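Chain by chain, the residues:
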Amino acid sequence: MTERETELNLRQRLSGLSRLPLLRGAKVDGEADRLQSQLDRLATDAGDEAIWRSVELARHPERPYTLDYVERLLEDWVELHGDRGRADDGALVTGLGRLDGRTVALVGHQKGRDVKERIDRQFGMAYPEGYHKAMRVMEIAGRFGFPLVSLVDTPGAYPGVLAEQHGQGGAIARSQAAMTRLEVPTVACIIGEGGSGGAVAIAVADRVLMQENAIYSVITPEGCAAILWRDAGEAKKAAAAFKPDAQHCLDLGVIDGIVPEPGGGAHLDPALAAAQLRAALVEALEELDDVPGDELRRRRRAKFRGMGVFA
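Report follows, based on the coordinates. (Residues numbered from 1 in each chain as written. Predicted model: local features only at pLDDT ≥ 70, side-chain atom pairs only at ≥ 80, totals over all residues. Heavy atoms only, no water.)

Details of the nonpolar core
Burial of nonpolar side chains together is a common tendency in soluble globular proteins.
In step 1: Counting residues in each nonpolar core, the largest one holds 40 residues, and the members touching the most others are Tyr-131, Met-138, Met-210, Tyr-216 and Ile-255.
In step 2: When contributions to this core are tallied by element, the ones reaching two or more residues are β3 (102–109), α6 (128–144), β4 (148–154), α8 (168–181), β5 (186–195), β6 (207–211) and α12 (246–252).
In step 3: Per-element tally for this core: the top contributor is α6, with seven residues.
In step 4: In this structure Met-138 touches Leu-148, Ser-175, Ala-178, Met-179, Leu-182, Ala-201 and Ile-202, once residues within four positions along its chain are discounted.
In step 5: Cys-189, Val-259, Ala-266 and Leu-296 belong to the second-largest nonpolar core, a separate cluster that totals 26 residues. (Core = buried A, V, L, I, M, F, W, Y, C linked by side-chain atoms within 4.5 Å. Buried < 20%, exposed > 50% of the residue type's maximum accessible area, 1.4 Å probe, protein only. Helix = DSSP H or I, 4+ residues; strand = E, 2+ residues; numbered from the N terminus. Contact = heavy atoms within 4.5 Å.)

In structure tokens, the structure reads:
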């Protein structure tokens, strides 16, 4: 096991302990202290360059997108189009398929590979119609008892005037509420950029995972730099300040686990990246199999309402 793999393993174990209700017990406290000591010895706090490298890899143009993973993860894939109201938003892909023998509903952002596709898919930034489409598939999942898998990869919701006129903020809020109410297992994974409301709209899940080189934040580094220093060129400085990488998101309790990637990034070996993602998704779903629907909903609500609350 490499030093990086050892570090990820220790951090995930420590994060799991921190969420246990028995943390006040001496035995659990002792184990948490032991893991923290090991992490301290590994000098785990990523430097500024390591954080910025995660930003660059999360945005790499050859990084696998949702449909690349669908091709490798799901059998009998059927894509579902349109919001049954106004349009079919290409920035969000939705459909049904079989993952490791079980039928799942899937929603995920899709960026484009060439200029035309990027424009057609709005660079992975959805209009309200995209979230309406996602909610339609969430409703199908709830009606038929299919687990829901979300793959998040977006700089944020579409920032245009037309999107606001169509009710962007309300669509994002309703999508989050729809996920909160589901009584089926839900697993989300940030596979690239997890930006702002556009990301969290489909990430209110029982288990939230991140690929090792993904990022997850309330704003892009460029946007943060433009606000704080009035200079988007200070993006690297902003990223170092708010730490959107998987390692720090796990430490903060924003996510539940990190999915390893091939050395150098998922784009260097998409097949291996897909295999590692499959294993993580299947494991997460199996953990949720025996939990009753009303208990899933109760735990999910408590989990997200408790984020950022300090006693």
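Back to the write-up after that little detour.
Some remarks on the pattern of salt bridges
In step 1: Tallying each qualifying case throughout the model produces 21 salt bridges.
In step 2: Here Glu-129 ties to Arg-86 by a salt bridge, and the two come within 2.9 Å at their closest N and O atoms. Taken together, the residues Glu-129 in helix α6 and Arg-86 in the loop between β1 (75–79) and β2 (92–99) connect sequence positions 43 residues apart.
In step 3: On the basis of relative accessibility, which here comes to 4%, the residue Glu-129 falls in the buried class.
In step 4: Taking the relative accessible area as the measure of exposure, Arg-86 reaches 53% and is therefore exposed.
In step 5: Two residues, Glu-139 and Arg-143, come together in a salt bridge whose shortest N-O distance is 2.6 Å. Highlighted residues: Glu-139 and Arg-143, both in helix α6, separated by four residues, approximately one helical turn. (Salt bridge = Lys/Arg side-chain N within 4 Å of Asp/Glu carboxyl O.)

Some words on the environment of Pro-155
In step 1: By secondary structure assignment, the location of Pro-155 is in the loop between β4 and α7 (161–165).
In step 2: Sequence-wise, Pro-155 and Thr-220 are 65 residues apart; in three dimensions their C-alpha atoms are separated by 6.9 Å.
In step 3: Not counting residues up to four positions away in its chain, the partners in contact with Pro-155 are Lys-111, Phe-123, Met-125, Glu-193, Gly-195 and Thr-220.

Looking at the environment of Ala-171
In step 1: For Ala-171, the location among the structural elements is in helix α8.
In step 2: Using a relative accessible area of 0% as the deciding quantity, one classes Ala-171 as buried.
In step 3: If we ignore the near neighbours within four places in the chain, the residues touching Ala-171 are Pro-128, Tyr-131, His-132 and Met-135.

Regarding the side chain of His-109
In step 1: Here His-109 shows up in strand β3.
In step 2: Taking the relative accessible area as the measure of exposure, His-109 reaches 0% and is therefore buried.
In step 3: Here Gly-198 takes part through its backbone oxygen, which lies 3.1 Å from a polar atom of the side chain of His-109.
In step 4: Residues in contact with His-109, not counting those within four places in the same chain, are Thr-66, Ala-91, Leu-92, Gly-124, Leu-151, Val-152, Asp-153, Thr-154, Gly-198, Ala-199 and Ile-202. (Polar contact = N/O pair within 3.5 Å; in protein donor to acceptor, adjacent residues only side chain to side chain.)

Concerning helix α4 (residues 66–73)
A turn of α-helix holds 3.6 residues, and therefore any two residues three or four places apart point the same way.
In step 1: For α4, the full list of buried residues reads Thr-66, Tyr-69, Val-70 and Leu-73. When α4 is viewed along its axis, its buried side chains cluster within an angular range of 105° and face the same direction. (Arc of directions from axis to C-beta.)

Overview of the packing of α6 against α8
In step 1: One can describe the packing of α6 onto α8 by two numbers: an axis separation of 9 Å at closest approach and a directional angle of 15°. It follows that α6 is roughly parallel to α8 by the angle criterion. Seen from above, α6 lies across α8 with left-handed handedness. Between α6 and α8, the contacting residues are Pro-128, Tyr-131, His-132, Met-135 and Met-138 on the first element and Gln-168, Ala-171, Ile-172, Arg-174, Ser-175, Ala-178 and Met-179 on the second.
In step 2: When its residues are assigned to classes, the contact of α6 with α8 shows eight nonpolar, three polar and one charged. (Axes fitted to C-alpha atoms, helices over the stretch in contact; angles between N-to-C directions. Parallel < 35°, antiparallel > 145°, perpendicular 65-115°, else oblique. Left-handed = near helix turned anticlockwise from the far one by under 90°. Nonpolar A, V, L, I, M, F, W, Y, C, P; charged D, E, K, R; others polar.)

Quick look at the packing of aromatic side chains
In step 1: By the definition in use, this model includes two aromatic pairs.
In step 2: Seen from their ring centres, Tyr-127 and Tyr-158 are 4.5 Å apart, and the 15° between their planes marks the pair as stacked. Remark: Tyr-158 occurs in the loop between β4 and α7 and Tyr-127 occurs in the loop between α5 (115–120) and α6; sequence separation between them is 31 residues.
In step 3: We classify Tyr-158 as partly exposed; its relative accessible area is 24%.
In step 4: Pairing Phe-144 with Phe-146 gives two aromatic rings, centres 5.9 Å apart and planes at 20°, and the pair type is stacked.
In step 5: A cation over an aromatic ring shows up here: Arg-113 above the ring of Tyr-65, its NZ or CZ 3.9 Å from the ring centre. (Phe/Tyr/Trp six-rings, centres within 6.5 Å; stacked < 30°, edge-to-face > 60°. Lys NZ or Arg CZ within 6 Å of the ring centre and 35° of its normal.)

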